[in-house]
Amino acid sequence: MSTRSRALRWAIPLAVVPVLALLAYGFRTDPRDIPSPLVGKPASPFALTAFDGKPVSLETLRGKIVIVNFWASWCVPACYDEAPSLERAWQAYRDRGVVLVGVNIQDKEEPARRFLTQFGHTFPNAPDPSGRVSVDYGVYGVPETFFIDRTGRVRFKQVGGVTDEIMKRQVEKLLAEPA
Amino acid sequence: MSRALVPTLLLIGALAAVGPLGAAPVSEETVHAIGAQLRCVVCQSLSVADASSETANQMRGIIRERLAAGDSPEQVKAYFVEKYGLWILLAPPRQGFNLLVWVVPFVALGAGLVLVLLLVRRWSRRSASASPGPAPDAAMRARIHREMAEREP
């Protein structure tokens, strides 16, 4: 009995160890950091109508580097912070086979248009009223930006706002690949 | 001619009420059942079926649309998993690391039951021996001292 009770006395603190280890692992991971299963896979095609009435589709942009940015006018401050970097990247790379497409999700038309006017965005921007494109891209919050290479594969996903550095690094990397 | 016209019109009316030709009617129950297993992407801990956000609304629309196009509920779920990963499922699949979530509670419950059983047995034995008996004689006293020394190293 005494050896058994001694073993029991150790069993309780020892049982805590794996539980603590599991908790330590669990609390260290960020529940909002969800790896996208889409990186490395072909980007889903989409066909939308831009705010200016022109059609925007991935199909017609084949062979180009495409950056798809999901945004909303209510997304404060991240979408507002990244907006100037998007336009700057578009101006810097538009003559080098790079296209930027803005997809406005979970938004209303009027504030979305106001947002585009405020930042003077000149790249194509289209609303996604049914939310289908945002689900096709596994978007769970704004802003999110996808970098698609010339072969149509998603190569990088930026969760949260982009910066000039991120735009430059990702675009230059894809530009350096053989066309 | 006019005799044939009435049933024809009735048929057209019935078809129009059912929806486009060939599309199976989508039951809202199925939409709800699938939605209940999917996480509303902007609300984290709510299901698509329960959340009232615009996103959840749109996701229900997509579920409805896929079912109408002939997808099975499993195919609809697979579509969301393909886009969002397993994270989109509210119940983690019973495989790999996620298996822990399913197994650990039962293992812990079992271990707890065994522990309680052992302790209760020990306590009941102890209380039985604690019943008033003859006063300890010298030999008993010596044994008590010996056992207490053994217990407190």
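Owing to the predicted nature of the structure, the values given are computational and were not obtained by experimental measurement. (Residues numbered from 1 in each chain as written. Chains lettered and ligands numbered in written order. Predicted model: local features only at pLDDT ≥ 70, side-chain atom pairs only at ≥ 80, totals over all residues. Heavy atoms only, no water.)

(A) Region of interest: the environment of B:Pro25. One can find B:Pro25 in the loop between helix H1 (2–18) and helix H2 (28–35). On a C-alpha basis, the gap between B:Pro25 and B:Asp137 in space is 89 Å, while along the polypeptide they are 112 residues apart. (Helix = DSSP H or I, 4+ residues; strand = E, 2+ residues; numbered from the N terminus.)

(B) Representation of a positive patch on the surface in the model. A contiguous patch of positive charge on the surface is contributed by A:Arg6, A:Arg9, B:Arg126 and B:Arg151. For A:Arg9, the position within the fold is in helix H1 (residues 2–28). Note on A:Arg9: relative accessible area 52%, which makes it exposed. (Patch = residues over 30% accessible without salt bridge, like charges linked within 9 Å, V, L, I, M, F, W, Y side chains within 5 Å. Areas by Shrake-Rupley, 256 points an atom, 1.4 Å probe, with all protein chains shown as cover. Salt bridge = Lys/Arg side-chain N within 4 Å of Asp/Glu carboxyl O. Lys, Arg positive; Asp, Glu negative; His and termini not counted. Charge placed at Lys NZ, Arg CZ, Asp CG, Glu CD. Buried < 20%, exposed > 50% of the residue type's maximum accessible area, 1.4 Å probe, protein only.)

(C) Layout of the packing of helix H2 (residues 78–93) of chain A against helix H3 (residues 109–119) of chain A. All names here are of chain A. Look at H2 against H3: their axes get within 10 Å of each other, and the N-to-C directions meet at 40°. Judged by the inter-axis angle, H2 sits oblique to H3. Handedness of the crossing formed by H2 with H3: right-handed. From H2, Cys79, Tyr80, Ala83 and Pro84 reach across to H3, where they touch Phe115, Gln118 and Phe119. Looking at the contact of H2 with H3, its residues break down into 6 nonpolar, 1 polar and no charged. (Axes fitted to C-alpha atoms, helices over the stretch in contact; angles between N-to-C directions. Parallel < 35°, antiparallel > 145°, perpendicular 65-115°, else oblique. Left-handed = near helix turned anticlockwise from the far one by under 90°. Contact = heavy atoms within 4.5 Å. Nonpolar A, V, L, I, M, F, W, Y, C, P; charged D, E, K, R; others polar.)

(D) Representation of the state of the cysteines within the structure. All names here are of chain A. Going through the model one piece at a time under the given rule, you end up with 1 disulfide over all chains. Note on cysteine connectivity: Cys75 is disulfide-linked to Cys79, with sulfurs 2.1 Å apart. Its S-S torsion of approximately 95° makes the covalent link between Cys75 and Cys79 right-handed. Of the two residues, Cys75 and Cys79, both sit in the buried class. (Disulfide = S-S within 2.5 Å.)

(E) Summary view of the confidence of the model for chain B. Residue and element names in this part refer to chain B. In the predicted model, chain B carries a mean pLDDT of 80, and the fraction of residues at 70 or more is 78%. Predicted confidence is poor over residues 11–22, with pLDDT under 50, and the contacts of this stretch with residues over four places away or in other chains come to 1 contact. Scoring the predicted complex yields pTM 0.72 and, for the interface, ipTM 0.77. (pLDDT = per-residue confidence, 0-100.)

(F) Main features of the pattern of salt bridges. Residues and elements named next belong to chain B. Tallied over the entire structure, the rule returns 14 salt bridges over all chains. Between Glu28 and Arg64 there is a salt bridge; the shortest N-O distance is 2.9 Å. Taken together, the residues span a long stretch of sequence, with Glu28 in helix H2 and Arg64 in helix H3 (residues 54–68) at a distance of 36 residues. By relative accessible area, Glu28 is classed as partly exposed at 45%. On the basis of relative accessible area, Arg64 is assigned to the partly exposed category, the value being 31%. For Asp71, the salt bridge is made with Arg66, and the minimal N-O distance between the two is 3.4 Å.

(G) Region of the structure containing unusual backbone geometry. All names here are of chain A. In the segment running from Val76 into Pro77, the intervening peptide bond is cis, with an omega of 0°. Examined against the element boundaries, Pro77 turns out to sit in the loop between strand E3 (65–71) and H2. Of the consecutive residues Val142 and Pro143, the connecting peptide bond is found in the cis state with omega at -5°. Along the chain, Pro143 turns up in the loop between helix H4 (132–136) and strand E6 (144–148).

(H) Fine view of the interface of chain A and chain B. The interface is formed by 26 residues belonging to chain A together with 25 residues belonging to chain B. Note on chain A versus chain B: buried area summed over both sides is about 2,200 Å², and carbon and sulfur give 55% of it. If you look at where chain A meets chain B, you find 1 salt bridge. At the junction of chain A with chain B, the criterion picks out 7 residue pairs in polar contact (both at pLDDT 80 or more). Elements supplying a minimum of two residues to the side of chain A that touches chain B: H1 and H4 of chain A. The element contributing the most residues to the side of chain A that touches chain B is H1(A), with 7 residues. Tallied by class, residues from the side of chain A that touches chain B come to 13 nonpolar, 7 polar and 6 charged. (Buried area = accessible area lost by both parts, 1.4 Å probe. Polar contact = N/O pair within 3.5 Å; in protein donor to acceptor, adjacent residues only side chain to side chain.)

(I) Structural context of a nonpolar patch on the surface. A contiguous nonpolar patch, built from A:Leu22, A:Tyr25, B:Phe97, B:Leu100, B:Val101 and B:Val104 and spanning about 540 Å² of accessible area, is present on the exposed surface. Those elements that place two or more of their residues in the nonpolar patch are H1 of chain A together with helix H5 (99–129) of chain B. Broken down by element, the residue count for the nonpolar patch peaks at 3 residues, all from H5(B). One can find A:Tyr25 in helix H1.

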